[in-house]
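The residues making up each chain are set out below.
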Amino acid sequence: MQADIALIGLAVMGQNLVLNMNDHGFTVAVFNRTVSKVDDFLNNEAKGTKVLGAHSIPELVSLLKRPRRVMMLVKAGAAVDEFIELLLPHLEAGDIIIDGGNSLFEDTIRRTKYVESKGLLYVGTGVSGGEEGARRGPSIMPGGSPAAWPHVKEIFQAVSAKVEDGTPCCDWVGENGAGHYVKMVHNAIEYGDMQLICEAYQLMRDGLGMTPDEMHETFAAWNKTELDSYLIEITRDILAYKDTDNLPLIDKILDTAGQKGTGKWTVISSQELGIPITLIGEAVYARCVSAMKEERVAAAKKLKGPSKKISADRVKFLEDIRQALYASKIVSYAQGYMLMRAAAQHYVWNLNYGGIALMWRGGCIIRSVFLGKIKEAFEKNPALANLLLDPFFKQAIKEGQRSWRNVVATAAKKGLPVPAFAAALSFYDSFRNDRLPANLLQAQRDYFGAHTYERIDQPRGQFFHTNWTGRGGKTVSGTYLA
Ligand code: NBP
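The residue count restarts for each chain, going from 1 along the sequence in the order it is written. Local features in this predicted model are restricted to residues of pLDDT 70 or higher, and side-chain atom pairs are both shown and tallied only at a pLDDT of 80 or more, whereas totals for entire chains, interfaces and linings draw on every residue. Just so you know, side-chain values use all the structure's heavy atoms and leave hydrogens and water out.

For the rest of this paragraph, the subject is the environment of Leu 358. Put simply, DSSP H or I for four residues or longer makes a helix, DSSP E for two residues or longer makes a strand, and each gets a number counted from the N terminus. If you trace the backbone, Leu 358 turns up in helix α15 (residues 353–361). In this scheme, a residue with accessible area under 20% of its type's maximum is buried, one over 50% is exposed, and one in between is partly exposed, where area comes from a 1.4 Å probe on protein chains only. Assessed through its relative accessible area of 16%, Leu 358 is described here as buried.

Here we come to the pairing of strand β7 (residues 139–144). Along β7, 6 of the 6 residues are buried, which leaves the element largely enclosed by surrounding structure. With burial as the criterion, each face of β7 is covered, one bearing Ser 139, Met 141 and Gly 143 and the other bearing Ile 140, Pro 142 and Gly 144. Any two strands with at least two DSSP-identified bridges between them are counted as paired. Across 6 bridges, strand β6 (residues 121–128) lies against β7 in antiparallel orientation. When the sheet's bridge partners are listed, Gly 126 is paired in β7 with Met 141. Summarising the sheet, β7 and strand β8 (residues 174–175) pair through 2 bridges and their orientation is parallel. Within β8, the residue paired with Gly 144 across the bridge is Glu 175.

Ordered in space as β3-β2-β1-β4-β5-β6-β7-β8, the 8 strands form an open sheet in which the pairing is mixed. Single-partner strands in this sheet number two, and they are β3 (52–53) and β8. As defined by bridge partners, strand β4 (residues 69–72) adjoins strand β5 (residues 96–99) across 4 bridges and the pair is classed as parallel. Along β5, the bridge assignment pairs Met 71 with Ile 98.

In this description, a pair of aromatic rings is defined by centroid distance and the angle of the planes. Each Phe, Tyr or Trp ring (for Trp, its six-membered ring) is paired with any other whose centre lies within 6.5 Å, and the angle between the two planes then decides the class: stacked below 30 degrees, edge-to-face above 60, tilted in between. All chains considered together, the criterion is met by 22 aromatic pairs. Geometrically, the ring pair formed by Phe 219 and Trp 222 is edge-to-face, given 5.2 Å between the ring centres and 65° between the ring planes. Of this pair, Phe 219 and Trp 222 are both found in helix α9 (residues 212–222), 3 residues apart, which corresponds to roughly one turn of the helix. On the basis of an interplanar angle of 85° and a centroid distance of 5.2 Å, the ring pair of Phe 392 and Phe 393 is categorised as edge-to-face. Residue classification places Phe 393 among the buried positions, given a relative accessible area of 0%. Three or more aromatic residues joined by ring pairs form one cluster here, namely Tyr 326, Tyr 333, Phe 370, Phe 392 and Phe 393. Geometrically, a lysine NZ or arginine CZ counts as sitting over a ring once it is within 6 Å of the ring centre and also within 35 degrees of the ring normal. The ring of Tyr 191 has Arg 287 lying over it, and the distance from NZ or CZ to the ring centre is 3.6 Å. A cation sits over an aromatic face here: Arg 455 above Phe 464, 6.0 Å from the ring centre.

Below you can see the structure in the form of structure tokens.
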């Protein structure tokens, strides 16, 4: 019994996390469904390390110190349930099963309850940062059985990314599915950030007629501003990358995007909780539209629009785009935080919002200087109801607003799609509007469905129905559905 932790799943994430743990002095025992991959790993990537190989689950468990910690990094879904069933007969009370994959938070809620009912502890943790993150320091977002945290804290915080002052990008998120929920929202914000950058890119490419090298320079400059982030940095490098013929590789990549589901899950959750994460919704749909390649190619020949060329001063318009991106990004994070706040209330999680920003500050795909500002906002005011109301972000939007509006208006006039920029701006204008047109909407609902309405001249909670046509009855919806 010598290993500190076991890791099941020797694909890209598992292998790299094992090597990372080994670098930090932990002894890791490994296992994989296709058992031959254990020896392959030991004879290649893990050669010369302290990593121990196991060829069966009982052997794996026998190598572990107590309480036993077994982490899975396998494909999300049935594989996780299957491994839990395989592990349970060999573990005992107090042992800990950890799922580090991208599991749906509802599965993690169910699994936490199930594993706890067997006397064991469960951790469902988000691990972000891809291959490089797993190897050099990911952002780790653990949730599950609170009693498990003291037993996994040391390993997790040691292998996680660190911010400049050495603080680990890993802290306890909350009970049962909280860790996976926060990771899911992280991924959805990642969808939003990527879409915003892509819209900026399209405006530069199609509107301003810029070359990849020129855009590379622009993103390089932007990365020295408030937008300083991993995604801007890789965009800068992607735009400079040349194919074997020395032409920009970016121009040869097919414009159809894939997705694995975390964006979709977040939008579904937002619909269930009634929280408008409009920018992220548009980012998910933008991938869907991109996937309709053949239909778009056919439609492009038939559906005409204005010339895409933007004749504005390039330097000035580029600054407008940068401001639009920054303002939209603030809205996106504000929406993501609104969603997490609603989820925390619904699922009874005590989320630490500043701590979440800190976990995302390093190691993960959305890491940025900006997240430091979010952390500061929640540190100053832990009860902050909406990021848009924080003085720093309020001022940032105030300063960028004219540019933001100019970009959305220009894009509309030029027929250039900016679904995320526009959704963010519409949300901003809806959120700051004290009288939306929903009075008409309620009137329509009451007209055709007797759904009733509240009145501005009567206290909230009193409902009225009008017989709009003189033909309807007095019965209101609930008993009468039109
Ligand atoms: P994959 O998601 O590709 O999963 C591969 C692993 O799952 C292998 O060990 C494979 O075993 C095992 N597996 C599969 Br596939 N089906 C199985 C089944 N029915 N029963 C048991 N084992 C099964 O690996 P990954 O990309 O390293 O990701 C691991 C987890 O981390 C996933 O949940 C993923 O969503 C998450 N994640 C990935 C990234 C990333 O950048 N790749 C980033 C963050 C999180 P085999 O060798 O026998 O086929």
